[in-house]
Amino acid sequence: MWALPTPGGADDFPRLVRLIASGEPSRGSARAAGTLWAIRWKVGKLLGWDAPDAGLGARVPTLRDRLPEDLRDAPSGPDLPALPFTSLYLTDAEWAAEIANRTMHGVMHLGWVLDGTGCYRGQMAVLVKPNGLLGAGYMAAIKPFRHLIVYPAMLRELGRRWRSQSA
């Protein structure tokens, strides 16, 4: 779970959702992280990891069908044109989106929380269920890259974009 560099007021959560939904990870300012994303998409295409029969509704059912009624009846949330996620639900202070491919089934969850100083900020969790030995091996292989390169760059880029929209 990450505390996001997105300080704001009680009503700023929709802005965070728009910012995340409009992002393109391979085109951010961090060259190393962008290169890793580009390699991942190319390898996934070459090996068929992201083929339609490997994702939601084919390999795994969407989690939206298993949500509690209040969340199932809530708006699903924005489309993510640059990311392979499908929105699950959106409330005043939470948004979840899911992804599935041959390596895993994952959920990105954003929340808008009080930070202890009377201000609000975003909080993000990414939950991943590897798919078999391929998924477990893949997730183990990319773990150092995710934690040392991708996530820090993603947080820096998010903070930069948040601040630039505040100015």
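J.: Would you take a moment to explain the pairing of strand β4 (residues 104-114) for this structure?
T.: Remember that side chains alternate between the two faces of the sheet whenever the strand is regular. Most of β4 sits out of view: eight of its 11 residues are buried. Two elements, strand β3 (residues 94-100) and β4, share seven bridges in a ladder whose sense is antiparallel. Across the sheet, W95 pairs through a bridge with L110, a residue of β4. The turn joining β3 and β4, which pair antiparallel and follow one another in sequence, is formed by three residues. Hairpin connection between β4 and strand β5 (residues 120-130): a loop of five residues separates the two successive antiparallel strands, and G116 in this loop has a positive phi of roughly 95°.

J.: What am I meant to see in the nonpolar core here?
T.: Looking at soluble globular proteins, one finds that nonpolar side chains tend to be buried together. Counting 21 residues, the largest nonpolar core has L4, F13, L16, I20, W95 and L110 as the members making the most contacts within it. Secondary-structure elements contributing two or more residues to this core are α1 (13-21), β3, β4 and α4 (132-166). When residues of this core are assigned to their parent elements, the largest contribution, six residues, is made by α1. Those residues in contact with L110 that lie beyond four places of it in its chain are L4, F13, L16, I20, A93, E94, W95, Q123 and M124. Membership of the second largest hydrophobic core comes to six residues, among which are L71, Y89, A96 and V107.

J.: Help me out: how do you make sense of the environment of R31 in this one?
T.: Within the secondary structure, R31 sits in helix α2 (residues 31-47). For R31, a relative accessible area of 72% translates into the label exposed. A sequence separation of 122 residues divides R31 from A153, and the C-alpha atoms of the two residues are 9.0 Å apart.

J.: Please explain the environment of P5 as it appears in this structure.
T.: Looking at the element boundaries, P5 is found in the loop between β1 (2-3) and α1. For P5, a relative accessible area of 30% puts it in the partly exposed group. Put simply, P5 and R163 are 158 residues apart on the chain and 8.9 Å apart in space, counted from C-alpha to C-alpha. Those residues in contact with P5 that lie beyond four places of it in its chain are L155, L158, G159 and W162.

J.: Explain the pattern of salt bridges here, please?
T.: Once their charged atoms are close, side chains differing in charge can pair, the charge on each being opposite to the other. On inspection of all chains with the given rule, the structure shows three salt bridges. Two residues, D50 and R40, come together in a salt bridge whose shortest N-O distance is 2.8 Å. Highlighted residues: D50 in the loop between α2 and α3 (69-72) and R40 in helix α2, separated in sequence by 10 residues. Since its relative accessible area comes to 35%, D50 is described here as partly exposed. On the basis of relative accessibility, which here comes to 11%, the residue R40 falls in the buried class. R102 is the salt-bridge partner of D53, the closest N and O atoms lying 2.7 Å from each other. Of this pair, D53 sits in the loop between α2 and α3 while R102 sits in the loop between β3 and β4, and the two are 49 residues apart along the sequence. The class of D53 is partly exposed, set by a relative accessible area of 46%.

J.: Would you mind showing me how to read the pairing of strand β2 (residues 86-90) here?
T.: Where β2 and β3 come together, four bridges link them in antiparallel fashion. Note that in β3 the partner of S87 across the bridge is A97. The turn joining β2 and β3, which pair antiparallel and follow one another in sequence, is formed by three residues.

What counts and what doesn't
Residues numbered from 1 in each chain as written. Predicted model: local features only at pLDDT ≥ 70, side-chain atom pairs only at ≥ 80, totals over all residues. Heavy atoms only, no water. Buried < 20%, exposed > 50% of the residue type's maximum accessible area, 1.4 Å probe, protein only. Helix = DSSP H or I, 4+ residues; strand = E, 2+ residues; numbered from the N terminus. Pairing = 2+ DSSP bridges. Core = buried A, V, L, I, M, F, W, Y, C linked by side-chain atoms within 4.5 Å. Contact = heavy atoms within 4.5 Å. Salt bridge = Lys/Arg side-chain N within 4 Å of Asp/Glu carboxyl O.

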